[in-house]
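Notes for the structure review
If you want the building blocks of each chain, they are given just below.
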Amino acid sequence: METLIPFAVAIVVITVASLRYHLPPFLTLVGTSVLFGALAGMPAETLIAAITGGAGRIFSILGIVIFCGVGIAQVLRESGRIENIVADIRGLVHRPLATAGSAGYLLSVPLMCGITSFVILAPIITHLQPDRQASKILLYCAGVAGMISYVLLYPAPVVYSTITTLGLFAGRPWEVDLVTLPVSLLLLAGLLVALRARGTPAALPAEPAPIAGGRHLLAWLPFLVIVFALVVGSFVPPLHALANINLALLAGLFAALLTVPADVREKALARGTKNAGIIIFDLAGAGALGGVIAASTFPADVAALVQGYLPITLLPFVVAALVQAAQGSRVVTATVTATILATIPAALAINPLALVLMISAGAFMFSYVSDPFFWLLKRTTGDDFPAVVRNYTLPLSVAGIVTLVAALAVQAGL
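Residues numbered from 1 in each chain as written. Predicted model: local features only at pLDDT ≥ 70, side-chain atom pairs only at ≥ 80, totals over all residues. Heavy atoms only, no water.

**Concerning the overall build of the protein**
For the record, the criterion: Runs of H or I in DSSP of at least four residues are treated as helices and runs of E of at least two as strands, each being numbered from the N terminus. The size measure is the radius of gyration over C-alpha atoms, and the globule rule it meets is 2.2 Å times the number of residues to the 0.38 power. For every residue, the accessible area obtained with a 1.4 Å probe (protein chains only) is divided by the maximum for its type, and the residue is called buried under 20%, exposed over 50%, and partly exposed between those limits. Only heavy atoms matter for contacts: two residues are in contact if any of them lie within 4.5 Å across the pair. All accessibility values rest on the Shrake-Rupley procedure with a 1.4 Å probe; residue burial counts only the protein chains present in the view.
Helices and strands together make up the secondary structure of the protein, namely 19 helices and zero strands. Relative to the globule expectation of 22 Å for 414 residues, the C-alpha radius of gyration of the protein, 21 Å, shows essentially globular dimensions. Taking the principal axes of its C-alpha atoms as reference, the protein extends roughly 65 × 50 × 50 Å. For the protein, with 414 residues in total, the buried portion stands at 54%. Pairs at least 24 residues apart make up 79% of the contacts formed inside the protein by residues separated by at least 6 positions. Accessible surface, the protein: about 17,200 Å² in total, of which carbon and sulfur atoms supply 71%.

**Topic: the pattern of salt bridges**
Opposite charge on two side chains permits them to pair, given that their charged atoms come into close proximity. Rules: A pairing counts as a salt bridge when a side-chain nitrogen of Lys or Arg comes within 4 Å of a carboxyl oxygen of Asp or Glu.
On inspection of all chains with the given rule, the structure shows four salt bridges. Residue Asp383 pairs with Lys136 through a salt bridge whose shortest N-O separation is 2.8 Å. Remark: Lys136 occurs in helix H7 (residues 132-152) and Asp383 occurs in the loop between helix H18 (372-381) and helix H19 (385-411); sequence separation between them is 247 residues. What makes Lys136 buried here is its relative accessible area of 11%. Across the pair Arg330 and Asp371 runs a salt bridge whose closest N-O atoms are separated by 2.8 Å. Here Arg330, found in helix H15 (residues 330-341), pairs with Asp371, found in the loop between helix H17 (352-364) and H18; they are 41 residues apart in sequence, far enough to count as distant. The pair Arg330 / Asp371 is uniform in exposure class, with both members buried.

**A few points about the nonpolar core**
Selection rule: In this description, a nonpolar core means a group of buried Ala, Val, Leu, Ile, Met, Phe, Trp, Tyr and Cys residues linked to one another through side-chain atoms lying within 4.5 Å.
If you look at the biggest cluster of nonpolar residues, it comprises 114 residues, and the most contacted ones within it are Ile66, Ile115, Ile163, Phe373 and Tyr392. When residues in this core are grouped by element, the largest group, 13 residues, is from H7. For Ile66, the residues in contact, after removing those within four places along its chain, are Ile115, Val119, Ala276, Ile279, Ile280 and Leu283. By size, the runner-up hydrophobic cluster in this structure holds 23 residues, among which are Cys68, Val75, Ile82 and Val260.

**Digging into the confidence of the model for the protein**
Interpretation of the predicted coordinates at a detailed level should be avoided for regions scoring low in pLDDT. Rules: What pLDDT reports is the predictor's confidence in each residue, on a scale of 0 through 100.
Overall, the prediction assigns the protein a mean pLDDT of 84, with 94% of residues at 70 or greater. A low-confidence stretch, residues 202-214 stays under pLDDT 50, and its non-local contacts, those more than four residues away or across chains, total 18 contacts.

**Some points on the side chain of Thr333**
Here is the rule: Think of a polar contact as two N or O atoms within 3.5 Å of one another; within protein, one of them needs to be a possible hydrogen donor and the other a possible acceptor, and neighboring residues in sequence only count if both atoms come from side chains.
Structurally, Thr333 is set in helix H15. Polar contacts involving the side chain of Thr333 include one to the side chain of Gln324, which spans 2.7 Å. Leaving out residues up to four positions away in the same chain, Thr333 has contacts with Ala320, Val323, Gln324, Gln327 and Ala363.

**A short note on the layout of surface pockets**
Under the convention used in this document: Grid points spaced at 1 Å over the protein atoms alone were grouped into cavities, where a 1.4 Å probe fits but cannot get out, and pockets, open sets with protein on both sides within 12 Å along at least five of seven lines, with lining residues defined by an atom within 4 Å of a point. Grid points are joined across faces, edges and corners, and a volume is the space filled by probe spheres set on the points. Under the grouping applied here, Gly and all other residues not named as nonpolar or charged are polar, the nonpolar ones being Ala, Val, Leu, Ile, Met, Phe, Trp, Tyr, Cys and Pro and the charged ones Asp, Glu, Lys and Arg.
Taken as a whole, the second largest pocket encloses approximately 310 Å³ of empty space. Taken together, 16 residues line the second largest pocket, and the ones lying closest to its centre are Val70, Arg77, Asn275, Ile279 and Thr380. Looking at the lining of the second largest pocket, the elements with two or more residues in it are helix H3 (44-79), helix H6 (114-125), helix H12 (262-295) and H18. Split into classes, the residues belonging to the lining of the second largest pocket amount to 10 nonpolar, four polar and two charged.

**A closer look at unusual backbone geometry**
With glycine set apart, most residues show a phi of negative sign, and most peptide bonds adopt trans. The phi dihedral of Phe366 is positive, around 55 degrees, even though this residue is not glycine. Here Phe366 lies in the loop between H17 and H18. Accessibility expressed as a relative area gives 41% for Phe366, which makes it partly exposed.

**Some points on helix H1 (residues 4-19)**
We count it as follows: Multiplying one less than the number of residues by 1.5 Å gives the expected span of a helix.
Taking 1.5 Å of rise per residue, the 16 residues of H1 would be expected to cover 22 Å, and the 23 Å separating its terminal C-alpha atoms lies within 8% of that figure. Those residues of H1 that fall on the buried side of the exposure criterion are Pro6, Phe7, Ala10, Ile14, Thr15, Ala17 and Ser18. At its buried positions, H1 is contacted by helix H2 (25-39), H12, helix H13 (298-306), helix H14 (315-327), H18 and H19.

Spelled out as structure tokens, the structure:
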């Protein structure tokens, strides 16, 4: 139980440092990592290794992804092609809210990262509504929708990590989607209805259809290259490396750069590198905190605390929710929670599908300051803490509760 109080102190310190003193996320999160490790009694060598390892892990996973995504976005901005993409979208879908939600939901799975899809979609989505406040709602819609599919659908990393760590559904992992897909679509529909009930955003007039082979195709080219690389890499064994999201996004960035004039290319790379650097450092700070918490006895302390006080069927959800609040990464949440549960025979007696749903439900919960996406949304929208909590943290927590209800229904055989 030695890490529970330091964890509570860490959450309070992060909140105060951010709200009261407006310290940048990287400094706040790395400083809190040191504080948590010291209070938890971690040796200095272990603490420093956990901080640098956690930050480095985030960079290795998201460094290229963020740089390429922001780079593509900046090229589209500087070349004026964002307007072409918006015109195409308006010609097909007249409701910006449905466009933002559907795009976020669909892209996060093939791109294997909700953050990646959001980074790519954000510059396009912000142009769907001229009103600044309405465009923020669209951004939140895309972000939450992307997290819904990212957390619930196989083969996205969250469910994949749970299944592989616990050895579930051997040879038939796709069966999970027979239940998780309807649940995710229900959550997406609920999100769109809830946002529409708030009166935002209204339908947009249709735009003229794009000219085939014209400038509009060049605007979509980076995305077409990314999808092409992922598809070819997935179905052509000798070219399997292309299915790596880092290589696919690099190809997309080069496609964008090669189709614009030199001055646009130069300006886009300069501004894109600056913006990407800020985002990557913020995400690395969250990785540092997650690394320290994962290296401590926090996971074991949580499991010991929960056992004996709650029904065993709720144990996966509670452990996952606490781990998610502690370190923010949903993939880490799934892996750490599954690792803990693998040592508890009673937990493994739970229906495998219900077990997957419960861990996913916990991964939705408490998406707050330790969540890298929280900081990315805050920076992208320019909103304050209460607004990000209201438009991102709370909707995901509702999704977690709904998913938990579905898990309990499966466990009860309903």
